[in-house]
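Spelled out from the first residue to the last, the chains are:
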Amino acid sequence: MDADLAAFKARGWVDYFASVAGIDEVVLKQPGADAGEAFEKFRTNPRNRVPAARDALVQWLYDEYLDGNSYPVINRFSESAFENFYGVPFTWPEVIRACTWLHSEGFIAGTRTNAGVVPRPSITPKGIRFVEGRASVNDQHNGGVTTVTNNHLKVEGSSGVNVALNSQNVNQSNSVTIEQIEQTTKFIGSARSLVPALGLDGDQQERALQVIGELEVESTSTAPNQGRLKQLMGKVLEIVVTGTATGVADALVAMGNGVIGSLG
């Protein structure tokens, strides 16, 4: 608790005086109230909770599978360590929605009722691969298969020239690896889910989500362009740092810079 309060104080969220006897009274400052409000909105936002419920459910089933219980009763999910999103328990409708989606996408198997729930679900080999690969089931593209495009370009007598795809009489070199796409995809997911917690105003949030959407379109295209990916990611980070939740922003910026660095 003392360490957490010290971190909050360093960010200007709270103020207090620590005596030999410890911390007696803590004053919540406006930036702290704003951060708390943003966090509450983040963890109760259905757009964040729906994909999180899918991952939580498949992670739970994987643990049950490792314990030798391949067909657990779905009600036991509420007793597991995965049954909440940042402290807010998943509701039964959220569990049913996650079950329906995971079953339709082939991550879990079992007999589904008319209500959409699978009373005794089991994780499929596809679900196991995603968990063991430390990926999110929400990150799949093209059925979970990432297409890598390598185009080789050679322009005689030129230097530093940008050439559009499908140009005539040229060979283009624009290679994006599977690992780079995976890192970009993880950044997109993190950025989109953390936008509400960054302390941005309404227009900034809208702009951030718009650029994130453009980044996702580019990353899932048949020929992702490295320069375009880096440019869009940079735009996202420019918006991120304008927020008031510096801790969340710093973490996202560090992640984004790491991906940008990996793109070369």
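Up top is the structure.
Note that this is a predicted model, so its numbers are computed, not measured.

Caption draft 1: Quick look at the packing of aromatic side chains. Considering all chains together, one arrives at ten aromatic pairs under this definition. Look at Phe42 and Phe85: their rings are 5.6 Å apart centre to centre, the planes differ by 45°, and that puts the pair in the tilted class. Of this pair, Phe42 sits in helix H2 (residues 30-44) while Phe85 is found in strand E3 (residues 84-85), placing the two residues 43 residues apart along the sequence. Taken as a pair, Phe42 and Phe85 share a single burial class, namely buried.

Caption draft 2: Region of interest: the packing of helix H7 (residues 202-219) against helix H8 (residues 226-240). Orientation of H7 relative to H8, taken along the N-to-C sense of each, is 160°, at an axis distance of 9 Å. Here H8 runs roughly antiparallel to H7, going by the angle between their axes. The handedness of the crossing between H7 and H8 is left-handed. Across from Gln204, Arg207, Ala208, Val211, Ile212, Glu214, Leu215, Glu218 and Ser219 in H7, the residues of H8 making contact are Arg228, Leu229, Leu232, Met233, Lys235, Val236 and Ile239. The residue inventory of the contact of H7 with H8, partitioned by class, reads nine nonpolar, two polar and five charged.

Caption draft 3: Inspection of H8 at higher detail. Taking 1.5 Å of rise per residue, the 15 residues of H8 would be expected to cover 21 Å, and the 21 Å separating its terminal C-alpha atoms lies within 8% of that figure. Every buried residue of H8 is accounted for by Leu229, Leu232, Met233, Val236, Leu237, Ile239 and Val240. Down the axis of H8, the smallest arc covering the buried residues is 160°, so these residues share one side. Residues of H8 that are buried in the fold lie against helix H6 (178-194), H7 and helix H9 (246-262). Two or three places before Gly227, at the opening of H8, Asn225 has a side-chain oxygen 2.9 Å from that residue's backbone nitrogen.

Caption draft 4: Spatial organisation of the pairing of strand E1 (residues 14-19). Where E1 lies against strand E2 (residues 22-28), five bridges are found, and the strand directions are antiparallel. Within E2, the position partnered with Val14 by the bridge is Leu28. In sequence, E1 turns back onto E2 through a hairpin of two residues.

Caption draft 5: Highlighting the nonpolar core. Leu57, Phe90 and Phe187 are the most contacted members of the largest nonpolar core, which has 54 residues in total. Elements supplying a minimum of two residues to this core: helix H3 (46-66), helix H4 (92-104), helix H5 (125-132), H6, H7, H8 and H9. Of all the elements, H3 adds the most residues to this core, at eight residues. Core analysis: the next-biggest nonpolar cluster, separate from the first, contains five residues, Trp13, Val14, Tyr16 and Ala35 among them.

Caption draft 6: The environment of Glu64, seen in detail. Relative to the helices and strands, Glu64 is located in helix H3. Overall, the relative accessible area of 9% leaves Glu64 in the buried class. The contact partners of Glu64, leaving out residues within four places of it in the chain, are Asn69, Ser70, Pro72 and Arg76.

Caption draft 7: Seen up close, the pattern of salt bridges. Following the criterion strictly, the structure yields seven salt bridges and no others. Here Lys41 and Glu37 are joined by a salt bridge, their closest N and O atoms 3.5 Å apart. Of this pair, Lys41 and Glu37 are both found in helix H2, four residues apart, which corresponds to roughly one turn of the helix. Given the relative accessible area of 45%, Glu37 is considered partly exposed. A salt bridge links Glu64 to Arg76; the shortest N-O distance between them is 3.5 Å. Of this pair, Glu64 sits in helix H3 while Arg76 sits in the loop between H3 and E3, and the two are twelve residues apart along the sequence. Exposure remark for Arg76: the relative accessible area of 36% places this residue in the partly exposed category.

Caption draft 8: Geometry of the side chain of Ser122. Here Ser122 is to be found in strand E6 (residues 122-123). Here Ser122 falls in the buried class, since its relative accessible area comes to 10%. Residues in contact with Ser122, not counting those within four places in the same chain, are Ser70, Tyr71, Phe107, Ile108 and Ala109.

What counts as what
- Residues numbered from 1 in each chain as written.
- Predicted model: local features only at pLDDT ≥ 70, side-chain atom pairs only at ≥ 80, totals over all residues.
- Heavy atoms only, no water.
- Phe/Tyr/Trp six-rings, centres within 6.5 Å; stacked < 30°, edge-to-face > 60°.
- Helix = DSSP H or I, 4+ residues; strand = E, 2+ residues; numbered from the N terminus.
- Buried < 20%, exposed > 50% of the residue type's maximum accessible area, 1.4 Å probe, protein only.
- Axes fitted to C-alpha atoms, helices over the stretch in contact; angles between N-to-C directions.
- Parallel < 35°, antiparallel > 145°, perpendicular 65-115°, else oblique.
- Left-handed = near helix turned anticlockwise from the far one by under 90°.
- Contact = heavy atoms within 4.5 Å.
- Nonpolar A, V, L, I, M, F, W, Y, C, P; charged D, E, K, R; others polar.
- Expected span 1.5 Å × (residues − 1).
- Arc of directions from axis to C-beta.
- Polar contact = N/O pair within 3.5 Å; in protein donor to acceptor, adjacent residues only side chain to side chain.
- Pairing = 2+ DSSP bridges.
- Core = buried A, V, L, I, M, F, W, Y, C linked by side-chain atoms within 4.5 Å.
- Salt bridge = Lys/Arg side-chain N within 4 Å of Asp/Glu carboxyl O.

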